[in-house]
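Here is how the chains run, residue by residue.
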Amino acid sequence: MSHRSEIRLADGRELYYYDQEAGRDRSAPDERVDLPPAETSSQIRWNPLLRDYSVVAGHRQSRTYKPPADLCPLDPSGDGRHTEIPASDYEVVVFENRFPSFSLQSSELVPTVDVPPFRSAPGAGRCEVVCFSSAHDLSFSDLPLPQVETVIDAWVDRTQALSAVDSIEYVYCFENRGEEIGVTLTHPHGQIYGYPFVPPRFYRTAEAFERHRERTGECLQCMLLAAEVDDGSRVVIESDHWVAYVPFAARWPYEVRVVPRRHVPDLPALDGPERKDLAGVYVGVLQAFDSLFDTPTPYIANWQQAPVRQSREVWHLAAELFTIRRAEGRLKYLAGSESGAAVWINDIAPETAAEQLRERLE
């Protein structure tokens, strides 16, 4: 496990440094003495037609938007410029988002409404930023494997910490990469959301896991993994502990699931060899994605962990990585069928996508 050290930023937010070895001096204070306190609130509103939540977080309108490279808030501090990270260098950093979609502070600021049909509550969760490297122009796929292992350790540590918060029901680690995805900071980074509810997609997944276990006594994810390995046509990478494959019913032009062979509910349940093996497989998938086109591939990578307090015995951990680009210069737009009816129409056969990704790894 990587070594963690903690400081407080000038406005009281927590920041954690993760280093491969102990002994690094991480005591540099945040010198932004004029930084005003962060005042954030979040409200979740129930939609009875779709049976899911929408989030209202008006303070995010003022968040940092596409700053020039020399003003990036995720770079280390130095040369008289003070960023979100006080240290002059770092390996991996996690800190509370100054413009979060969810905030534990909301429980003190936002009232609960229960006047049918209107129901709302404080968005009492937490949002964190994960900086993968101090190097501004790096991509995740460029990271050396020991650095990737440190990122994985940070995901594990923060999953454990956020799962211990009473109001948090789901911990979601993810990365958005590329302007086409909507990224406003180009520094290599991801995020961790502690949702105050189980997101609807994962709620439905939990129901599928539960129903399959009741009918068969087996894990649905284990069954799918075995079937994909047996078929082989959609497998992209195999290792001792992990399999990366394009799902049979993939929705996105290039979509990969990375699944541990062992049935585990979340990242903290992985053992040392599984974490080490994951680093190589995960980077391999991202390198294949980045080799698809002449320009960097926009993608979303996310971890689908078990909910904090339900369905943990039946849940099987997986990562999902996909790109919205279907060809060089062409995006997969979520238009009438996808956005309006939630029915995806894929332009590339999953078997073709898997073959193309495998070729990039040869």
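Residues numbered from 1 in each chain as written. Predicted model: local features only at pLDDT ≥ 70, side-chain atom pairs only at ≥ 80, totals over all residues. Heavy atoms only, no water.

Peer 1: So what exactly am I meant to see when it comes to the overall build of the chain here?
Peer 2: What the chain contains, in helices and strands, is 7 helices and 17 strands. The C-alpha radius of gyration computed for the chain amounts to 21 Å, which stays within 12% of the reference 21 Å derived for 362 residues, consistent with globular compactness. Looking at the 362 residues of the chain, the share that counts as buried comes to 53%. In the chain, 67% of the contacts between residues at least 6 apart in sequence involve partners at least 24 apart. Approximately 16,900 Å² of the chain is accessible, and the part contributed by carbon and sulfur atoms is 50%. With 37 positive and 56 negative side-chain charges, the chain shows a spacing of 5 Å between the two charge centroids. (Helix = DSSP H or I, 4+ residues; strand = E, 2+ residues; numbered from the N terminus. Rg over C-alpha atoms; globule rule 2.2 N^0.38 Å. Buried < 20%, exposed > 50% of the residue type's maximum accessible area, 1.4 Å probe, protein only. Contact = heavy atoms within 4.5 Å. Areas by Shrake-Rupley, 256 points an atom, 1.4 Å probe, with all protein chains shown as cover. Lys, Arg positive; Asp, Glu negative; His and termini not counted. Charge placed at Lys NZ, Arg CZ, Asp CG, Glu CD.)

Peer 1: Honestly, unusual backbone geometry in this entry has me stumped. Any pointers?
Peer 2: A negative phi angle characterises most non-glycine residues, just as the trans form characterises most peptide bonds. The amide bond that connects Pro-116 to the next residue, Pro-117, takes the cis arrangement and shows omega of 10 degrees. Among the secondary structure elements, Pro-117 is positioned in the loop between strand E6 (113-115) and strand E7 (118-122). Positive phi is not limited to glycine here, since Arg-51 has a value of about 55 degrees. Relative to the helices and strands, Arg-51 resides in the loop between strand E3 (43-47) and strand E4 (52-56). Positive phi, normally seen in glycine, also occurs at Ala-342, with a value near 60 degrees. Take Ala-342: it is sitting in the loop between helix H6 (336-341) and helix H7 (350-361).

Peer 1: I keep staring at the state of the cysteines and nothing clicks. Help me out?
Peer 2: Working definition: the covalent bond between the sulfur atoms of two cysteines is a disulfide. Throughout the structure, instances matching the rule amount to 0 disulfides. Cys-173 takes part in no disulfide bond, and the closest cysteine sulfur to it belongs to Cys-127, at a distance of 12 Å. On the basis of relative accessibility, which here comes to 1%, the residue Cys-173 falls in the buried class. Left without a disulfide partner, Cys-222 is nearest to the cysteine sulfur of Cys-219, which lies 3.5 Å away. (Disulfide = S-S within 2.5 Å.)

Peer 1: What am I meant to see in the nonpolar core here?
Peer 2: A general trend in soluble globular proteins is that nonpolar side chains are found buried together. Ranked by size, the top nonpolar core spans 53 residues in total, and within it Phe-140, Trp-155, Val-258, Tyr-282 and Trp-303 carry the most contacts. Those residues in contact with Trp-155 that sit more than four places away from it in its chain are Phe-140, Cys-173, Ile-192, Leu-267, Tyr-282 and Trp-303. Of all hydrophobic cores here, the second largest spans 17 residues; its members include Ile-44, Cys-127, Phe-209 and Ala-306. (Core = buried A, V, L, I, M, F, W, Y, C linked by side-chain atoms within 4.5 Å.)

Peer 1: Teacher, can you tell me more about the pattern of salt bridges here?
Peer 2: Side chains that differ in charge, positive against negative, can pair when their charged atoms come close. Under the definition given, this model contains 30 salt bridges. When the shortest N-O distance is used, the salt bridge between Glu-14 and Arg-126 registers 2.9 Å. Note that Glu-14 is positioned in strand E2 (residues 14-19) and Arg-126 in strand E8 (residues 126-131), a separation of 112 residues in sequence. With relative accessibility at 15%, the residue Glu-14 sits in the buried group. Salt-bridge contacts for Lys-276 lead to Glu-149; the nearest nitrogen and oxygen are separated by 3.4 Å. With Lys-276 in helix H5 (residues 272-290) and Glu-149 in helix H2 (residues 145-163), the pair connects residues that are 127 residues apart, well separated along the chain. Taking relative accessible area as the criterion, Lys-276 reaches 54% and is therefore assigned exposed. For Glu-149, a relative accessible area of 22% corresponds to the partly exposed category. When salt bridges that share partners are traced, they join Arg-8, Glu-14, Glu-96, Arg-126, Glu-128 and Arg-158 into one network. (Salt bridge = Lys/Arg side-chain N within 4 Å of Asp/Glu carboxyl O.)

Peer 1: Any chance you could explain the sheet that holds strand E13 (residues 254-260) here in plain terms?
Peer 2: Strands in a sheet are paired, the pairing made by backbone hydrogen bonds, and the direction either parallel or antiparallel. Taken in spatial order, the 11 strands make up an open sheet running E1-E2-E5-E8-E10-E9-E14-E15-E13-E12-E11, and their pairing is antiparallel. Pairing within the sheet leaves two strands with one partner each, and these edge strands are strand E1 (3-8) and strand E11 (235-238). Taken over all neighbouring pairs, the strand axes of this sheet differ in orientation by 20 degrees on average, direction set aside. Pairing analysis gives 5 bridges linking strand E9 (residues 170-177) to strand E10 (residues 189-195), with the strands arranged antiparallel. Note on E10: the bridge partner recorded for Val-171 is Gly-194. (Pairing = 2+ DSSP bridges. Axes fitted to C-alpha atoms, helices over the stretch in contact; angles between N-to-C directions.)

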